[in-house]
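# Structural description and commentary
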Amino acid sequence: MVSVRLENLVKRFGKVTAVDHISLAIKNGEFVVLLGPSGCGKTTTLRLISGLELPDEGRIYFDDSDVTYLPPKERNISMVFQSYAVWPHMTVYDNIAFPMRIKKVPEDEIKRKVKWAAELLRIGELLDRYPHQLSGGQKQRVAVARAIVVEPAVLLMDEPLSNLDALLRMLMRSEIKKLQRRLKVTTIYVTHDQVEAMVMADRVAVMNKGRIMQIGTTEEIYNKPANLFVAGFIGSPRMNFFEASVSDTILDTGYFKMKLPEEMKQVLEGYETVIVGIRPEDIHPVERGIPPGVKPIELEGRVDFIEPLGSDTIIHLKIGEILLLVKVPGSYIVEMGRKLKVALDFNKLHIFDKKTEKAIL
Amino acid sequence: MRGKNKIFYHNFLPYLLLLPTGIYMGVFIGYPILETIRLAFTHPYTGEISLYNFQRLSRDFHFWNALKYTFLLAGIVIPIQVTLALGVSLLLLRRFKGSNMVLYIFLIPLTISDVAAALIWYNILTGNGYLNRILINLGLLKSPLHFFGYQYRSMEILAIVITEVWRATAIVFVIIFAGLQMIGKEYLEAADVFGASTYQKFRYIILPMIKPSLQTALIIRTLFAMQIFGVVWILAGRDIPILAGETYYWQIELKNPNVAAAYSLIIACISIFLGFLYIKLLKPEYLER
Ligand SMILES: Nc1ncnc2c1ncn2[C@@H]1O[C@H](COP(=O)(O)OP(=O)(O)OP(=O)(O)O)[C@@H](O)[C@H]1O
Ligand SMILES: [Mg+2]
């Protein structure tokens, strides 16, 4: 169990910069999730940490020792590969046992641990099978079992649950998280599923195009996105965005104006055009009553479409050319085409600089 | 009418299409095999069906020697070839500068016939051949090394082994190298990550995963080793008797096609038996469906 520190890591493949100056400090025993869209460099980052790939620039430290150029086998790590890499010529049992056999663990302890891991991952009855007799999700669980039976300094998991059905995924999610808490093993977990990331992580690192856009707790990432990318990537349905020009404390979108409190004057000083963001759940139909604590900014629009989801209702509200999604808890039926007054919660308003895409508020 | 036609096509067309191949195999493979069997079991003088040819063989010490030397040569040559081919394949797998060049050079002997290869090595190893002249000129030797002649039989075997290894390792290499390249790199990476040493990776991941290619290479090499002829005949003549050489000798020199046929049949049976053994012993059980 070690702390992991990445300093300015760069990895290029020909013209592609897969990892672009990544710096990240992971505490001993911490569970960090790398979250980002496909191709953003998650796997490459993991491979750099494991030593399977060498960086073009930058350093990797485990505690205080520089492991940048140390071969994988000397790093005391364990990994779940995105492609599983479950050896086809070994049974499930032998696959899971292999890392322990390498470490010369006594055979009876191996047996005990293989059984334990197999039970945990619900593959107990598959131990005698060969990988070609397994489904994708089963192979994936073998890969996870193989990674958790050793007690590594760092556990690396590359989308270990991507191939499981929703129920099993939820189950495994909590099993892995509980296990990690118990073993206190420093874990770096890759996923492109934001729910998985938010549920499991101590901290989430949101990546895009080889860079870390923001790192923080689920709460921080969700409530204080540092830039436009993170704000748009996290949350479903997506945050509403619209462009507005600034004059004093008035934001003008061209279709409607919003008057912000006086204290915003200093904050907005010097900006001409900004991007305003507000999450669908932070917009409330006035006729349903505004919840306490909300600092309302009232707007009126026309109902364009509604999506009843059972637990929530999503209302598509048109104000001129601007489309706002409004998420209302429970079932809420309004006729389409009708006018609707809503209140944006100023406390939950996000404002980004249009040029740098960084958060101002 | 049309329905009937359809059935006709469905049932008989495949056989019709196979007919040319069938005729070809019958004429050029089936007939010679049947003829060999007939000859082998026919008494050369009376023309009756009999085991005479085999009895004749078993009383001939040349036969037992030929059997011994054929197996001895196979037993020396094949392990060297497999080891060498494996070594070179593993080396070439870590693509370095010029690795393609090494690959091509390694494949050159594949294009040279066994007789030509034997002549090349004869010229290198013979009394005043290249090797001896170089060694003597360098002052490393006083008198030439003798590789050939009845009294230097073990040196003859060495010369044959060198020639065979030089000539036919490439085919083993091609098969094993192809097998190695088929191994997905993440299987080896997984072994790396879990701390396997180079030897453990070879022993527990690479070797089992190339078992099918190893099996193919061994079968092909062993079958050819049972038929070894040109190289031995040129480098050692009948000093080193071998099964295929004896077949030739009985057929051409002694003009006895019946005993020659018995020899061929024995070579065939040994080959089939060994092939079967490899398939049984090297069965990659994980591929069984
Ligand atoms: N071996 C390679 N050679 C060339 N380009 C590569 C290689 N590996 C990755 N890349 C490129 O680097 C970028 C990052 O790839 P990476 O596999 O790290 O993405 P990822 O975030 O894991 O994506 P996914 O979620 O789809 O697995 C991609 O543009 C990819 O095409
Ligand atoms: Mg990936």
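Nothing here was measured: the structure is a model prediction, and the numbers come from that model. (Residues numbered from 1 in each chain as written. Chains lettered and ligands numbered in written order. Predicted model: local features only at pLDDT ≥ 70, side-chain atom pairs only at ≥ 80, totals over all residues. Heavy atoms only, no water.)

At the junction of the two partners, chain B supplies 22 residues and chain A supplies 24 residues. Overall, the association of chain B and chain A removes approximately 2,100 Å² of surface from exposure, summing both partners, and the carbon and sulfur fraction of that is 69%. Considering only the side of chain B, the residues that lose the most area to chain A are Val193, Phe194 and Tyr286 of chain B, jointly responsible for 38% of the buried surface there. For the pair chain B and chain A, the number of links is one salt bridge. The salt bridge involving arginine 47 of chain A is made with glutamate 189 of chain B; its shortest N-O contact spans 2.7 Å. Counting the contacts that link chain B with chain A gives four residue pairs in polar contact (both at pLDDT 80 or more). For the side of chain B that touches chain A, the elements supplying multiple residues, two or more each, are helix 8 (185-193) and helix 9 (198-209) of chain B. Residue contributions to the side of chain B that touches chain A peak at eight residues, all from helix 8 of chain B. The residue inventory of the side of chain B that touches chain A, partitioned by class, reads 11 nonpolar, four polar and seven charged. (Contact = heavy atoms within 4.5 Å. Buried area = accessible area lost by both parts, 1.4 Å probe. Salt bridge = Lys/Arg side-chain N within 4 Å of Asp/Glu carboxyl O. Polar contact = N/O pair within 3.5 Å; in protein donor to acceptor, adjacent residues only side chain to side chain. Helix = DSSP H or I, 4+ residues; strand = E, 2+ residues; numbered from the N terminus. Nonpolar A, V, L, I, M, F, W, Y, C, P; charged D, E, K, R; others polar.)

Residues and elements named next belong to chain A. In the vicinity of ligand 1 there are 13 residues, among which Ser38, Gly39, Lys42, Thr43 and Thr44 approach most closely. Note that an oxygen atom of ligand 1 is positioned 2.8 Å from one of the side-chain N or O atoms of lysine 42. Contacts to ligand 1 include glutamate 159, whose side-chain N or O atom sits 3.3 Å from an oxygen atom. With the chains in place, 62% of the 630 Å² that ligand 1 exposes on its own is no longer accessible. Counting residues per element, the ones that place at least two in the shell around ligand 1 are strand 2 (16-26) and helix 1 (42-50). (Near = heavy atom within 4 Å. Areas by Shrake-Rupley, 256 points an atom, 1.4 Å probe, with all protein chains shown as cover.)

The assigned domain composition of chain A is domain 1 (4-224) and domain 2 (240-353). In this structure, domain 1 of chain A and domain 2 of chain A have C-alpha centres spaced 40 Å apart. (Domains from an automatic or database assignment.)

For the rest of this paragraph, the subject is the sheet that holds strand 8 (residues 186-191) of chain A. All names here are of chain A. Spatial ordering of the open sheet is given by 6-7-8-3-9-10, a layout of six strands whose pairing is mixed. Each of the sheet's edge strands pairs with one partner strand only, and the pair in question is strand 6 (77-80) and strand 10 (211-216). Strand-to-strand, the axes of this sheet are offset by a mean angle of 15°, without reference to chain direction. Looking at chain direction, strand 7 (residues 154-158) and strand 8 are connected through five bridges and run parallel. Residue pairing across strands places leucine 156 opposite isoleucine 188, the latter belonging to strand 8. (Pairing = 2+ DSSP bridges. Axes fitted to C-alpha atoms, helices over the stretch in contact; angles between N-to-C directions.)

The next point concerns the sheet that holds strand 4 (residues 57-62) of chain A. Residues and elements named next belong to chain A. The strand order 2-1-4-5 describes an open sheet built from four strands, whose pairing is antiparallel. Single-partner strands in this sheet number two, and they are strand 2 and strand 5 (65-66). Here strand 1 (residues 4-13) runs beside strand 2; their pairing, made up of eight bridges, is antiparallel. From the neighbouring strand, arginine 5 faces strand 2, where its bridge partner is alanine 25. Against the sheet, helix 1 touches strand 1, strand 2 and strand 4, its axis set at about 120° to strand 1.

Turning next to a nonpolar patch on the surface. Residues and elements named next belong to chain B. On the surface, Leu19, Ile23, Tyr24, Met25, Val27, Phe28, Ile29, Ile33, Leu34 and Ile37 cluster together into a nonpolar patch covering about 1,000 Å² of accessible area. For methionine 25, the position within the fold is in helix 1 (residues 2-40). Owing to a relative accessible area of 46%, methionine 25 belongs among the partly exposed residues under this scheme. (Patch = residues over 30% accessible without salt bridge, like charges linked within 9 Å, V, L, I, M, F, W, Y side chains within 5 Å. Buried < 20%, exposed > 50% of the residue type's maximum accessible area, 1.4 Å probe, protein only.)

Residues and elements named next belong to chain A. The protein atoms that coordinate the magnesium ion (ligand 2) are Thr43 (OG1) and Gln82 (OE1), at distances of 1.8 to 2.2 Å. Of this pair, threonine 43 sits in helix 1 while glutamine 82 sits in the loop between strand 6 and helix 2 (92-102), and the two are 39 residues apart along the sequence. For threonine 43, a relative accessible area of 26% corresponds to the partly exposed category. Since its relative accessible area comes to 39%, glutamine 82 is described here as partly exposed. (Donors = N, O, S within 2.8 Å, 3.2 Å for Na, K, Ca; no water.)

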